[in-house]
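Residues per chain are reported as follows:
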Amino acid sequence: MASQLRGNDLRQLGFPEGRAIGLALAQLQRKHLKKLSQTDQLTLLKELLANPQTYLTHLDWSHTAAALLPPPSRHIALAERKDYTVFGAEHIEQGAIHQMETAMKLPVTVAGALMPDAHHGYGLPIGGVLATDNAVIPYAVGVDIGCRMALSVFPLPPKHLEQRVQELRKLLLEYTKFGGRDVFRHGQRLDHAVLSRAEFQDIPFLRNKLDTAAAQIGSSGGGNHFVEWGVVDITDPTNELGVPVGQYLGLLSHSGSRGLGASIANHYTKLAQDTCQLPAEARHLAWLGLDTEAGQEYWAAMNLAGDYASACHHQIHQRLAKALGEKSLGKVENHHNFAWKETLASGQEVVVHRKGATPAGAGVLGIIPGSMTAPGFIVRGRGEASSLSSASHGAGRLMSRTRAKQELGEAEVRRYLQLHGVELMGGGLDEAPQAYKDIRQVMQSQTELVDVLGSFTARIVRMEGGV
């Protein structure tokens with residue numbers, strides 16, 4: 001048996017300080033290697049040091065070989081920009097175009113499209129659709145994971161809105177909650193199966209998120225989130241809702257995954273940026289590989305947040321339908337700020353990120369809202385390949401929040417709402433209807449993406465803020 005080699009012996013061979021020395025010495029204690037003479041051991045270590053690459057799959061020496069190699073660079077260069085389709089380019093600001101151009105240079109990018117409601121965001125622009133190869137980009141999904149629209153159509157005529165306006169207003173005040181602090185008390189909360197999901201325990205990051213999720217379930221966020229009564233006008237007799245052509249009372253809600261989604265987005269974005277270091281202009285597009293533990297965790301957490309957002313909408317509609325004393329004739333629900341595994345026409349499986357874009361696969365129903373004073377549209381997707389089976393998720397911002405607050409006045413906005421017969425409870429100048437694009441122009445830019453089945457026009461709107 002050979003006398004035992006020590007760390008200094010390996011240093012004299014040229015082994016660098018660090019893990020490689022400890023791993024090599026530990027390996028030499030294995031029974032079949034201890035039998036080698038010291039000369040043979042040194043010869044073996046010299047060969048390992050000179051050619052670590054050839055030992056990366058060696059049963060005995062793979063870990064030592066990996067420790068001898070320099071760590072892979074985490075700096076990732078952008079590639080040549082891939083082509084993508086823009087819908088309604090004349091309505092899209094240059095900042096959003098620039099962001100989409102950057103996203104199309106990612107090495108993992110396969111395809112992309114930009115919707116006519118697009119505007120500047122973090123990382124991928126709002127209205128951006130991006131297909132990637134085995135990678136998910138938290139900021140291409142967005143902060144409000146699984147944000148969605150939900151519409152219920154009730155068997156009541158539009159005149160119900162005029163005859164019982166005070167009752168409908170009171171129902172919104174009593175059965176909807178907005179923002180971080182205005183939530184349902186313990187005795188008012190409704191339970192939901194999503195709160196019993198294993199992910200809250202299986203994913204370490206989520207273990208302290210359940211209490212907040214339970215407290216906020218059934219409520220809506222701030223910003224552009226709303227719950228509103230309005231008029232549904234079904235115009236296509238072949239609609240999949242099975243609702244006859246005509247006008248009805250409708251309930252439309254827009255909200256997402258609340259604090260749960262935001263915390264998931266921020267946590268996994270930081271992880272992605274630590275391991276995927278991109279040039280400054282692309283840093284918010286850092287990705288996680290779906291073949292990594294972090295990527296799998298994010299994927300599971302994202303799907304949990306999406307299901308949680310859906311649960312919130314279901315409870316909003318459940319509460320209000322019960323208070324109204326009516327069952328809906330039909331419902332439409334669709335989400336954005338999400339990623340889906342889909343297969344392109346070429347047969348390649350990709351991850352399709354829709355950040356502020358509505359899924360519009362063939363036969364898929366959706367609701368694309370306008371502003372408070374402009375109609376939203378009930379649509380059926382056409383599965384257009386050049387849009388990655390997507391459509392806009394709304395009218396899109398014409399003014400930034402800051403610009404809207406600077407240029408619009410409270411009295412002006414109130415007069416505008418009154419002129420259009422809309423009552424608003426809460427809301428701010430940054431969400432004024434004048435801050436949004438013309439939804440009719442947006443819809444005209446995507447006639448090849450969706451078929452219109454009907455419309456929704458708001459009448460009584462509740463958002464975060466004073467009444």
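Figured I'd write up the structure that's included with this text.

Rules behind the numbers
Residues numbered from 1 in each chain as written. Predicted model: local features only at pLDDT ≥ 70, side-chain atom pairs only at ≥ 80, totals over all residues. Heavy atoms only, no water. Helix = DSSP H or I, 4+ residues; strand = E, 2+ residues; numbered from the N terminus. Buried < 20%, exposed > 50% of the residue type's maximum accessible area, 1.4 Å probe, protein only. Contact = heavy atoms within 4.5 Å. Lys, Arg positive; Asp, Glu negative; His and termini not counted. Charge placed at Lys NZ, Arg CZ, Asp CG, Glu CD. Axes fitted to C-alpha atoms, helices over the stretch in contact; angles between N-to-C directions. Parallel < 35°, antiparallel > 145°, perpendicular 65-115°, else oblique. Left-handed = near helix turned anticlockwise from the far one by under 90°. Nonpolar A, V, L, I, M, F, W, Y, C, P; charged D, E, K, R; others polar. Salt bridge = Lys/Arg side-chain N within 4 Å of Asp/Glu carboxyl O. Pairing = 2+ DSSP bridges. Expected span 1.5 Å × (residues − 1). Arc of directions from axis to C-beta. Phe/Tyr/Trp six-rings, centres within 6.5 Å; stacked < 30°, edge-to-face > 60°.

1. Things to note about the overall build of the chain
The secondary structure content of the chain amounts to 16 helices and 17 strands. By principal-axis analysis of the C-alpha atoms, the chain measures approximately 100 × 50 × 45 Å. Residue burial in the chain is summarised as follows: out of 467 residues, 53% are buried. Sequence-distant contacts in the chain: of pairs separated by 6 or more residues, those separated by 24 or more amount to 75%. Each charge sign in the chain was given a centre, from 46 positive and 46 negative side chains, and these centres are 6 Å apart.

2. Let's talk about the packing of helix α12 (residues 258–275) against helix α13 (residues 293–324)
Contact geometry of α12 with α13 gives a least axis separation of 9 Å together with a crossing angle of 165°. For the element pair α12 / α13, the angle class is roughly antiparallel. As for how α12 packs across α13, the hand of that crossing is left-handed. Of the residues in α13, those in contact with Arg258, Leu260, Gly261, Ile264, Tyr268 and Leu271 of α12 are Ala294, Glu297, Tyr298, Ala301, Ala305, Tyr308 and Cys312. Residues belonging to the contact of α12 with α13 are distributed by class as follows: 10 nonpolar, 1 polar and 2 charged.

3. Focus: unusual backbone geometry
Trans peptide bonds make up most of the peptide bonds, and negative phi angles are found at most residues other than glycine. Unlike most non-glycine residues, asparagine 134 shows phi in positive territory, near 55°. By the secondary structure assignment, asparagine 134 is in the loop between β3 (126–132) and β4 (135–136). Positive phi is not limited to glycine here, since leucine 388 has a value of about 55°.

4. Quick word on the pattern of salt bridges
Counted according to the given criterion, the structure contains 19 salt bridges. We note a salt bridge from glutamate 101 to arginine 81, for which the minimum N-O separation is 3.1 Å. Here the residue glutamate 101 occupies a position in helix α6 (residues 94–103), and arginine 81 occupies one in the loop between α5 (62–68) and β1 (85–86), the gap between them amounting to 20 residues. A residue is classified by how much of its surface remains accessible, and glutamate 101, at 24% relative accessible area, is partly exposed. Put simply, arginine 148 and glutamate 333 hold a salt bridge, and the shortest N to O gap is 2.8 Å. Remark: glutamate 333 occurs in strand β9 (residues 330–335) and arginine 148 occurs in strand β5 (residues 148–154); sequence separation between them is 185 residues.

5. Regarding the pairing of strand β11 (residues 349–355)
Of all 7 residues in β11, 6 are buried, a share of seventy percent or more. As paired elements, β3 and β11 share 5 bridges and run antiparallel to each other. Across the sheet, valine 129 pairs through a bridge with arginine 354, a residue of β11. When strand β10 (residues 338–343) meets β11, the two strands line up antiparallel, connected through 6 bridges. Bridge assignment links tryptophan 340 to a residue of β11, and that residue is valine 352. Taking the residues between adjacent antiparallel strands as the criterion, β10 and β11 are bridged by 5 residues, where glycine 347 takes a positive phi near 95°.

6. Thoughts on α13
The first and last C-alpha atoms of α13 sit 47 Å apart over 32 residues, in line with the 46 Å expected at 1.5 Å per residue. Just downstream of α13 lies glycine 325, where phi reads positive at about 80°.

7. So, the side chain of glutamine 216
Mapped onto the elements, glutamine 216 comes out in helix α11 (residues 210–216). Here glutamine 216 is in contact with Gly180, Val183, Arg258, Gly259, Tyr308 and Cys312, once residues within four sequence places are set aside.

8. Digging into helix α4 (residues 38–50)
The end-to-end C-alpha separation of α4 is 18 Å, in line with the 18 Å expected for 13 residues at 1.5 Å each. Within α4, the full set of buried residues consists of Gln41, Leu45 and Leu48. Viewed along the axis of α4, the buried residues span an arc of 60°, placing them on a single side of the element. Exposed residues lying more than 90 degrees from the buried face of α4 are Thr39, Lys46 and Ala50. Of the surrounding secondary structure, the elements contacted by the buried residues of α4 are α1 (7–13), α2 (19–27), α3 (31–34) and α5.

9. Description of the packing of aromatic side chains
Inspection of the entire model under this criterion finds 5 aromatic pairs. Judged by centre distance (6.3 Å) and plane angle (45°), the ring pair of tyrosine 122 and tyrosine 139 falls under tilted. Placement of the pair is tyrosine 122 in the loop between β2 (109–119) and β3 and tyrosine 139 in helix α7 (residues 138–141), with a sequence separation of 17 residues. Here tyrosine 122 falls in the exposed class, since its relative accessible area comes to 56%. Ring centres of tyrosine 268 and tyrosine 298 lie 5.7 Å apart, and the angle between their planes is 65°; this geometry places the pair in the edge-to-face category. With tyrosine 268 in helix α12 and tyrosine 298 in helix α13, the pair connects residues that are 30 residues apart, well separated along the chain. Like tyrosine 298, tyrosine 268 is buried. Ring pairs connect the aromatic residues Phe205, Tyr268 and Tyr298, which therefore count as one cluster.

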